[in-house]
Amino acid sequence: MTALRPDLAVIAANVAPGSRVLDIGCGDGALMAALRDGKQVDARGMELDPHDVAECVAKGLSVMQGDADSDLIDYPDAAFDYAILSQTLQTTKRPDQVLDELLRVGRKAFVSFPNFGHWRVRASLMWHGRMPVTRLLPVAWYETPNIHHVTVSDFRDLVEAKHLTVEGAWFLSGDKRISDAAASWRAEHAVFLLSR
Amino acid sequence: MADAEALLAQSHVLELAQPLALDGGQALTGVRVAYETYGRLNVDKSNAVIIFHALTGDQCVASPHPITGKPGWWVRMVGPGKPIDTERFFIICANVLGGCYGTTGPASLGPDGEPYAMRFPVITIRDMVRAQVGILDALGIEQLHAVVGGSMGGMQALSFAANWSERTRAALVIASTARHTAQNIAFHEVGRQAIMADPKWKNGDYYGGGKGPDKGLAVARMAAHITYLSEEGMHEKFGRKLQDRTEKTFGFDADFQVESYLRHQGLSFTDRFDANSYLYITRAMDYFDLAEEHGGRLADAFRASKARFCLVSFDTDWLYPTAESLTIAHALNAAGSPVSFVELSAPFGHDSFLLDVPALDRVIAGFLKQ
């Protein structure tokens, strides 16, 4: 098996064994397969890209083709122990509403996103006055699926405004952990575990 | 094409020992079920897969058609090393109740030695499945690895999973629906009326004396065939091209290629299908409403099931569009069943499930592999 992407590895390490999980934007199902095989997790997925869904089905995973913005409504309240949204929040039309939905269908939610406040992004804007194209944000502004860029500080504000509880937060640069204090400008990735 | 030996293809006819109790209240005695098997049943009888056929299909899923000699209707999917692998699975495909390929239907002889014709009882999708469960009982197969079906085959797969929930570990439902809509029923009614309007139909009593209602049956097939294709697929294939001529004839010949094609489809269909079977099977499809059978809530149909489900739709299928598959998927989610759903992109409309769609091969192979 190939190694999980660092933010997924953090999530995989912190999901309780045997729990029920909905992975929204599950891609090719790498995290779900790891959770199923390593932690006996009952993992379900949602993914927009039909090729990825086919890939998941071929791995024996249960995945619905669907859209985080519109299709979470079809799941009952508290159907899952965890709802996971990795690297997808910034692509949704209404991240705030998606966050509400995550904590409706899941008792807890893992949310991971690329930090737009990373120093390279800031430097790019500062020195070049242009939207950055970096390792983690490799697509030019006009074709990026990331329509709602968000920084660690932005996200903390949203969490506070919604009176959500942060049960855990992990900040990564590559696969290295970054301290909470330095996260705002040094973290490439952020992973939050939230509850209501 | 794989030969019969590699497929281990065998033809069987089972005569049900007990009368078949039908949803309509009648019991049908002496029911015969014609079926094909492929591959080998393993020692613990755990590798069996039923493939349910569609409206005008038959049991020859991977062997040559008994009348036309054409390759089996799903030969691209079923065979050694294919997505439904005959080296791994023991595959059963039966002609449905009401059909005309060896299973008891309106053309079969009733207890009085005369063909049933319209005295054949109206049957349901669940009745079709009931007859096929008889095969499992006869073979001593407690639980299937999977049930698989496209279109009306998908309805049977759903009915099986809902009503014989402990007898399959998985259900794969392709381009199908949990109920016939008004539009679905309407198209079928056009077909039935075409058959019944043919003077040769004779209230169904056309057996034994010359040709049956071929004209009506051909028109029924033509109307139905349109619903199996996509608008853009038809446009690409035919456009407004003329058939073997350079000018319109200002008459009612088949000037356009699409007319000629449909006439051919209609006509060749009458060589291989019984008009009364067409009436009965389309009726069964129209009566199909899986939620209605389970107190009006589709999710309740699946409460007892522990099976995995996979639903596949096609973006150009307007007969059983994606929304129908999604309705089923949502009901399964509500029932807590493990379910996958994917809409595949293919240009062939409803018929996509029978044609070259590599993504479908991957989904089927992957789903059955587990």
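For clarity, every value in this text was computed on a predicted model and none was experimentally measured.

> Would you take a moment to explain the overall build of chain A for this structure?
Regarding its fold elements, chain A presents seven helices and eight strands. Taken against the 2.2 N^0.38 rule, which gives 16 Å for 196 residues, the C-alpha radius of gyration of chain A at 16 Å falls within 12% of a compact globule. Seen through its C-alpha atoms, chain A measures out along the principal axes to roughly 50 × 35 × 30 Å. Residues counted as buried form 43% of the 196 residues belonging to chain A.

> Hey, could you run me through the packing of helix α4 (residues 182-197) of chain B against helix α8 (residues 275-287) of chain B in this one?
For any two helices packed against each other, one specifies the inter-axial angle together with the distance between the axes. All names here are of chain B. Relative orientation of the contacting elements α4 and α8 amounts to 160°, with a least axis distance of 10 Å. Between α4 and α8, the interaxial angle falls into the category roughly antiparallel. Seen along the crossing, α4 lies across α8 with a hand that is left-handed. Residue-level contacts link Ile185, His188, Gly191, Arg192 and Ile195 of α4 to Ala275, Tyr278, Leu279, Thr282, Met285 and Asp286 of α8. Broken down by class, the residue content of the contact of α4 with α8 amounts to six nonpolar, three polar and two charged.

> So what exactly am I meant to see when it comes to α4(B) here?
Within an α-helix, residues lying three or four positions from one another point in the same direction, as the helix has 3.6 residues per turn. Residue and element names in this part refer to chain B. Relative to the 22 Å expected for 16 residues at 1.5 Å per residue, α4 spans 22 Å between its end C-alpha atoms, a close match to the ideal helical length. Every buried residue of α4 is accounted for by His188, Gly191, Ala194 and Ile195. Projected down its long axis, α4 shows its buried positions confined to an angular sector of 115°, all on one face. The outward face of α4, more than 90 degrees from its buried face, is lined by the exposed residues Ala182, Gln183, Ala186 and Ala197. Next to the buried residues of α4 lie α5 (214-228) and α8.

> Can you walk me through the environment of B:Arg221 in this structure?
Checked against the element boundaries, B:Arg221 lands in helix α5. Separated by 45 residues in sequence, B:Arg221 and B:Gly266 have C-alpha atoms that sit 5.2 Å apart.

> Can you walk me through helix α7 (residues 257-272) of chain B in this structure?
Residues and elements named next belong to chain B. For α7, which comprises 16 residues, the first-to-last C-alpha distance of 23 Å matches the rise-based estimate of 22 Å (1.5 Å per residue) to within 8%. Within α7, burial applies to Leu262, Gly266 and Thr270. Down the axis of α7, the sector holding all buried residues measures 75°, keeping them to one side. Contact partners of the buried residues in α7: α5.

> Help me understand the confidence of the model for chain B, please; the structure alone is not making it clear to me.
Do not read the predicted coordinates in detail wherever pLDDT is low. Of the residues in chain B, 99% reach a pLDDT of 70 or more, and the chain-wide mean stands at 95. The ipTM value of the predicted complex is 0.84, and its pTM value is 0.92.

> I tried to follow the environment of A:Phe110 on my own but got confused; where do I start?
Residue and element names in this part refer to chain A. Within the fold, Phe110 resides in strand β5 (residues 106-114). For the pair Phe110 and Asn14, spaced 96 residues apart in sequence, the C-alpha separation works out to 9.5 Å. With sequence-adjacent residues up to four places away left out, Phe110 is seen in contact with Ile11, Tyr82, Ile84, Val191 and Leu193.

> Quick question: what am I supposed to make of the domain arrangement of chain B here?
By a frequent convention, interface size equals the accessible area lost on bringing the separate parts together. Residue and element names in this part refer to chain B. Once the domains are mapped, chain B shows domain 1 (4-183 + 289-369) and domain 2 (184-282). Each of domain 1 and domain 2 has a C-alpha centre, and the two are 25 Å apart. Tallied by class, residues from the side of domain 1 that touches domain 2 come to 16 nonpolar, eleven polar and one charged.

> Teacher, can you tell me more about the interface of chain B and chain A here?
On the side of chain A, 14 residues touch chain B, which itself brings 22 residues to the contact. Contributing elements (two or more residues each) for the side of chain B that touches chain A: β11 (308-314), α10 (322-334), β12 (339-344) and α11 (358-369) of chain B. Among the elements that make up the side of chain B that touches chain A, the one with the highest residue count is α11(B) (seven residues). When grouped by side-chain class, the residues that make up the side of chain B that touches chain A number twelve nonpolar, six polar and four charged.

> I keep staring at the environment of B:Leu344 and nothing clicks. Help me out?
The topology assignment puts B:Leu344 in strand β12. On the basis of neighbour count, B:Leu344 is assigned to the buried category, with 26 C-beta atoms found within 10 Å. For the pair B:Leu344 and B:Phe160, spaced 184 residues apart in sequence, the C-alpha to C-alpha distance is 24 Å. Discounting chain neighbours no more than four positions away, the residues touching B:Leu344 are A:Pro50, B:Val312, B:Phe314, B:Val357, B:Ala359 and B:Leu360.

> Which parts of the structure should I look at to understand the nonpolar core?
Generally speaking, nonpolar side chains in soluble globular proteins are found buried as a group. All names here are of chain B. Within the largest apolar cluster, 173 residues are counted, with the highest numbers of intra-cluster contacts made by Ala171 and Leu172. A total of eight residues in this core trace back to one element, the largest contributor, which is α8. The residue makeup of this core includes at least three contributed by each of domain 1 (4-183 + 289-369) and domain 2 (184-282).

What counts as what
Sequence order as written defines the numbering, with residues in each chain counted from 1. Key to labels: chains lettered from A, ligands numbered from 1, both in the order written. Confidence filtering applies because this is a predicted model: local features only for residues at pLDDT of at least 70, side-chain atom pairs given and counted only at 80 or more, and all residues used for totals across whole chains, interfaces and linings. Only DSSP runs of H or I covering at least 4 residues are called helices, and only runs of E covering at least 2 are called strands; the numbering of each starts at the N terminus. For a compact globule the rule gives 2.2 Å times the number of residues to the power 0.38, and the radius of gyration it is set against comes from C-alpha atoms. Working definition of burial: number of other C-beta atoms within 10 Å of the residue's own, with buried at 20 or more, exposed at 12 or fewer, and partly exposed in between, all C-beta atoms being placed from the backbone. Axes, fitted as lines to C-alpha atoms, cover a helix only where it is in contact. Angles between the N-to-C directions of the axes lie from 0 to 180 degrees. Each angle receives one of four descriptions, namely roughly parallel if under 35 degrees, roughly antiparallel if over 145, roughly perpendicular if within 65 to 115, and oblique otherwise. By definition, any crossing whose near helix is turned counterclockwise from its far helix by less than a right angle is left-handed, and any crossing with a clockwise turn is right-handed. Once C-beta atoms are placed from the backbone, any two residues with those atoms within 7 Å are in contact. Polarity classes work like this: nonpolar for Ala, Val, Leu, Ile, Met, Phe, Trp, Tyr, Cys and Pro, charged for Asp, Glu, Lys and Arg, and polar for all others, with Gly in that last group. By this rule the span expected of a helix is its residue count minus one, scaled by 1.5 Å. In this description, the arc belongs to the directions extending from the helix axis to the C-beta atoms. Confidence scores here are pLDDT values: one per residue, from the predictor, ranging 0 to 100. Each domain span listed reflects an automatic or database assignment of domains. For our purposes the nonpolar core covers buried Ala, Val, Leu, Ile, Met, Phe, Trp, Tyr and Cys residues that link as a set through C-beta atoms within 7 Å.

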